[in-house]
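As a plain string of letters, each chain reads:
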Amino acid sequence: MTEINVVTAFNENSLKDHAHQMFQRVDKFWHPDIKLHAYHFDCALEAYDLPSCITYKNLEEVKEFNDFRSVMDVHNGTENGTIAYNWRVDALLTAPKVFALTEKAFEIAEETKEGGWLVWLNTNIIPVANLTPDFIESFFPEGADIVHLSGETVENVADQYSNPCLMAFNLNNQPPLDILGDLRGAYVSGEILSYREWHEAFIFERLLNIYRAHGMRVHTLTPSNTKKGLKATPFSEHLINLEENNRALRDSEGSRIFPLSEEDLPPDIRPNRTKLLADIIRFHKPRSFVETGTWNGGRAIEMALAAFENADEITYKGYDLFEDATEETDDEEFNLKAHVTKAAVEKRLTEFKDKIKKDKNKTFNFKLIKGNTRDVLEKEVPDFALIGGGNSIITIQNDYNKLEGARIKMVDNFFTKDSQKKTPPKKYNGVNVLVETLEGVKRIVLPSSDPVKEGGVTHYALIYDERTVPALPDSLLNVPIVVHPRDCVDKEYIQANIKENMTLIDKSKFLGKCRPNEKEVIVVSAGHSTDFAKVKELIKKNPDAKVLCVKHSYPMLLEQGIKPWSCVVLDPRSIEGESTHGVVRKDLFKTVDPDTKFFVASMTDPSVTKYLLEKNANIYGWHAFTESLRSEEEREKEIKNQKISVMSELGIPEGATLITGGTCAAMRTIGIMHTMGFRKFHLFGFDCSLKDEPTDEQKKETTGAEDEEPKPKYLQVNVKDQNYWTTGELLAMAQDCERVFSDATMNLNISFHGENTLVSSLWDLQLEQQKIPAFEDVFND
């Protein structure tokens, strides 16, 4: 029988709140061969009578944990009191889990090579039925490295973490120990502060994505077609999550088995469209608000803060079912949020009221009404009405009718189709029906990219009378352009390229993962902004720096007397054809320097590979991840195994490194060198915009595949009030740049070179949004 160890962590507050329930029920329901190791901190354990079947360990005896808490004390979600509490930047919040989990894992690894399964459980996971090792093991596949719960698909796509309440690590294998080592290292080194969010779920998910891409075998217990969380797993009859079941866990008489807290609230959810809400309030300057769907009070506070920029006193009235909500009302209204108590929201808003009065001398008047708005909502005439308490047609129509007199009305959850042509079920399209049938008013569906769990994109719709309300400025109505790239040739063509290249390129010269290093990389793409004098200056300062380029910038560098260390090639089209830059591809390789290493993707057209071989080029191979690597059968496997699978007939060895990174060679260059351990990058020529405005004739040109509607070839986009002309291909690269710039998981140290381009504006925008100050901004000496 495989060894099964369970680990958790608690302090005195969590012990009083729910951990004691967990421990008592472990004693009652768990088989003695399931060993629970409970790490405690900030807790006088001797004052409590706890079950003896559990091993209790003092986490404060772990020096690295104490050192971390001492150093990170100011990073407690308030940045030492300079901001309102934000759990996403609370470095201390999940540190006990990280140190307890890794401490036990390393202890087991030192004792035996067959460590079995190490399972993490939050202390709000309560046993409710008998649980045996055999039952647990039956749902942990033998070949898996990690078993976890998929995260909820929430409104902000950035929040799609694995559910952290339960995860299991197969300590018979090395990869789980490696990822736990990297997780602990991120905390011990302070690396977590370079991430956008500092809690364990965010950081672990980023590590998991990297390890999965390199072959880690990850199994999910929550099928993709069900509700997420512990209740969707085989353990739902044996374990319950108090956080999940706060919504609906009731006895036969309808009373909650575990009452909702009258003190604590779930964290705020801030989808991207929330920024528009605040901007519109700043523009229209309302002073009285009514909201249906108050939930945890977070939006009430956000609206108030925006309104206080133009007023000293505002009034807010909020309606919600609060603790009276049930699974039935959730289903009727398409509610995906946890339930809360009116008392807890009143407490939060009272604290906000007191603080804003004390700190800013502003007055926040509020009133909360509990009940179904169809029964309790009265006719109101506020300056601003935010309607978001339900999605059924009957509720939306009722709430709008009662609040029709509001000067400005915003209705949440107008649904549009996503890239997969999906939207939520029609019965939840109440806002769409309302907006599409209103007459005599201005109706604006505001831009958004916020995804919906059931598929689709959700928006705010703004409704007002133009005769009494000024029109919004264009800056609030800019629609983001999103490009969904696709391979430039058929997948069968790419697959044929891979098969032939696997016979042309030496199999011993394919790139793979290397340890991180401190060396620098200079990447020169083909944009017009490249300052070659600056490139030469960097090379002179650091002769060991690796200079990489793409095929279009290769001849440029040679003409400048710069010998690239490597040229990255990623193009599945023939060498005889004309590139998107209007150059015959063959001409780009007229001169081949013998010292240049050509990193040729296996999907490259073999005519390119053969041509380079004829010129005695030094070729290394690499595998670019693309959808063309997988058949429908492989996709089904991935859904089941959570592991990238490629078609075996392509000749790519199992476990081969697959390089991600973007749609073009320049972006894959970053992915290649990151995989090979490099973290310091200088980027040149990453423009993604045209030097000159297209002519009137060029603006008429269209592009697109045969199965698509023709689209303009040239596009004008705006970043920071600056217009740029670009193409769909360049815009896809710009999106890749934006993603890389904001992805703290890659731990990149990027120096961006070039001005007055689309990507230079995106780079400046990212710097403005960074929460961490530069070293020079802290120390002036």
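Keep in mind that this is a model prediction, so the values were computed, not measured.

This part takes up the overall build of the chain. Helices and strands together make up the secondary structure of the chain, namely 24 helices and 29 strands. Among the 781 residues that make up the chain, the fraction classed as buried is 52%. For the chain, long-range pairs separated by at least 24 residues make up 71% of all intrachain contacts whose partners lie at least 6 apart in sequence. Of the roughly 36900 Å² of accessible surface on the chain, 48% is carried by carbon and sulfur atoms.

Within the open sheet, the 8 strands sit side by side as β23-β22-β21-β20-β19-β18-β24-β29. Their pairing is parallel. Here the strands that pair on one side only, and so sit at the sheet edges, are β23 (658-659) and β29 (749-752). Where strand β22 (residues 618-624) and β23 come together, 2 bridges link them in parallel fashion. Bridging from a neighbouring strand, A624 pairs with I659 of β23.

Glancing now at the pairing of strand β17 (residues 457-464). A large share of β17 lies buried, amounting to 8 of its 8 residues. Side-chain alternation along β17 places V457, H459, A461 and I463 on one buried face and T458, Y460, L462 and Y464 on a second face that is also buried. In this structure, strand β14 (residues 408-416) lies alongside β17, joined through 8 bridges in antiparallel fashion. Paired with V411 across the two strands is A461, which belongs to β17. Bridge count between strand β15 (residues 442-445) and β17: 4 bridges; the pairing is antiparallel.

Below, the discussion takes up the confidence of the model for the chain. Residue-level pLDDT values for the chain average 84, and 83% of them are 70 or greater. Below pLDDT 50 for its whole length, residues 246-253 participates in 28 contacts with residues either more than four positions away or in separate chains. A low-confidence stretch, residues 634-644 (pLDDT under 50), is modelled with 27 contacts involving residues beyond four sequence positions or located in other chains.

Here T8 lies in strand β1 (residues 4-10). Within the structure, the side chain of T8 is placed 2.6 Å from the backbone oxygen of L121, a separation counted as a polar contact. Not counting chain neighbours up to four residues away, the residues in contact with T8 comprise F23, L36, H37, A38, Y39, A100, W120, L121, N122 and T123.

To continue, consider the environment of D324. Among the secondary structure elements, D324 is positioned in the loop between β11 (313-320) and α10 (327-333). Take D324: its relative accessible area is 42%, and that puts it in the partly exposed class. It is 7.4 Å that separates the C-alpha atoms of D324 and G371, two residues lying 47 residues apart in sequence.

Moving on, we get to the sheet that holds strand β6 (residues 146-149). What the 7 strands build is an open sheet, ordered β3-β2-β1-β4-β7-β6-β8; its pairing is mixed. Looking at strand neighbours, the two that pair on one side only are β3 (55-58) and β8 (218-220), the edges of this open sheet. Recorded for the sheet is a direction-independent mean angle of 20 degrees between the axes of neighbouring strands. Sheet topology note: the strand β2 (residues 34-40)/β3 ladder contains 4 bridges and is parallel. Looking at β3, one finds that H37 is bridged to T55.

What follows deals with the nonpolar core. Membership of the largest hydrophobic core comes to 74 residues, with the highest contact counts inside it found for F589, F598, W622, M673 and F686. Sorting elements by how many residues they give to this core places helix α22 (residues 728-742) first, with 7 residues. Ignoring anything within four residues of it in the chain, the contact list for F686 reads V523, S525, A666, M667, I670, M733, C737, F752, T757 and V759. Counting 42 residues, the second-largest nonpolar core is a separate cluster that includes L59, L101, L193 and F204.

One way to put it is that helix α3 (residues 95-111) packs onto helix α5 (residues 174-188) with a least axis distance of 10 Å and a crossing angle of 135 degrees. In this view, α3 runs oblique relative to α5, as classed from their interaxial angle. Classified by chirality, the crossing of α5 by α3 is left-handed. Between α3, through A95, V98, F99, L101, T102, E103, A105, F106 and A109, and α5, the contact on the second element is made entirely by L177, L180, G181, L183, R184, Y187 and V188.

Between its terminal C-alpha atoms helix α15 (residues 491-504) stretches 20 Å, which fits the 20 Å expected from 14 residues at 1.5 Å a residue. Listed in full, the buried residues belonging to α15 are I494, Q495, N497, I498, N501 and M502. Buried positions in α15, seen along its axis, are confined to an arc of 155 degrees and lie on one side of it. Each element contacted by the buried residues of α15 is listed here: β21 (597-601), α18 (606-614) and β22.

This paragraph deals with the pattern of salt bridges. A full pass over the atoms with the stated rule returns 39 salt bridges. Across the salt bridge formed by R299 and E291, the nearest N and O atoms sit 3.1 Å from each other. We note that R299, like E291, is buried. Residue R374 is joined to E332 by a salt bridge in which the shortest nitrogen-to-oxygen separation is 2.6 Å.

What follows deals with α5. For α5, spanning 15 residues, the distance from its first C-alpha to its last is 21 Å, which sits close to the expected 21 Å at 1.5 Å a residue. Among the residues of α5, P176, L177, I179, L180, L183, R184, A186 and Y187 are the ones counted as buried. Here the buried face of α5 lies against α2 (63-71), α3, β6, β7 (163-170) and α6 (200-213). Note on α5: the residue one or two positions beyond its end, G190, has a positive phi of about 85 degrees.

About the thresholds
Residues numbered from 1 in each chain as written. Predicted model: local features only at pLDDT ≥ 70, side-chain atom pairs only at ≥ 80, totals over all residues. Heavy atoms only, no water. Helix = DSSP H or I, 4+ residues; strand = E, 2+ residues; numbered from the N terminus. Buried < 20%, exposed > 50% of the residue type's maximum accessible area, 1.4 Å probe, protein only. Contact = heavy atoms within 4.5 Å. Areas by Shrake-Rupley, 256 points an atom, 1.4 Å probe, with all protein chains shown as cover. Pairing = 2+ DSSP bridges. pLDDT = per-residue confidence, 0-100. Polar contact = N/O pair within 3.5 Å; in protein donor to acceptor, adjacent residues only side chain to side chain. Axes fitted to C-alpha atoms, helices over the stretch in contact; angles between N-to-C directions. Core = buried A, V, L, I, M, F, W, Y, C linked by side-chain atoms within 4.5 Å. Parallel < 35°, antiparallel > 145°, perpendicular 65-115°, else oblique. Left-handed = near helix turned anticlockwise from the far one by under 90°. Expected span 1.5 Å × (residues − 1). Arc of directions from axis to C-beta. Salt bridge = Lys/Arg side-chain N within 4 Å of Asp/Glu carboxyl O.

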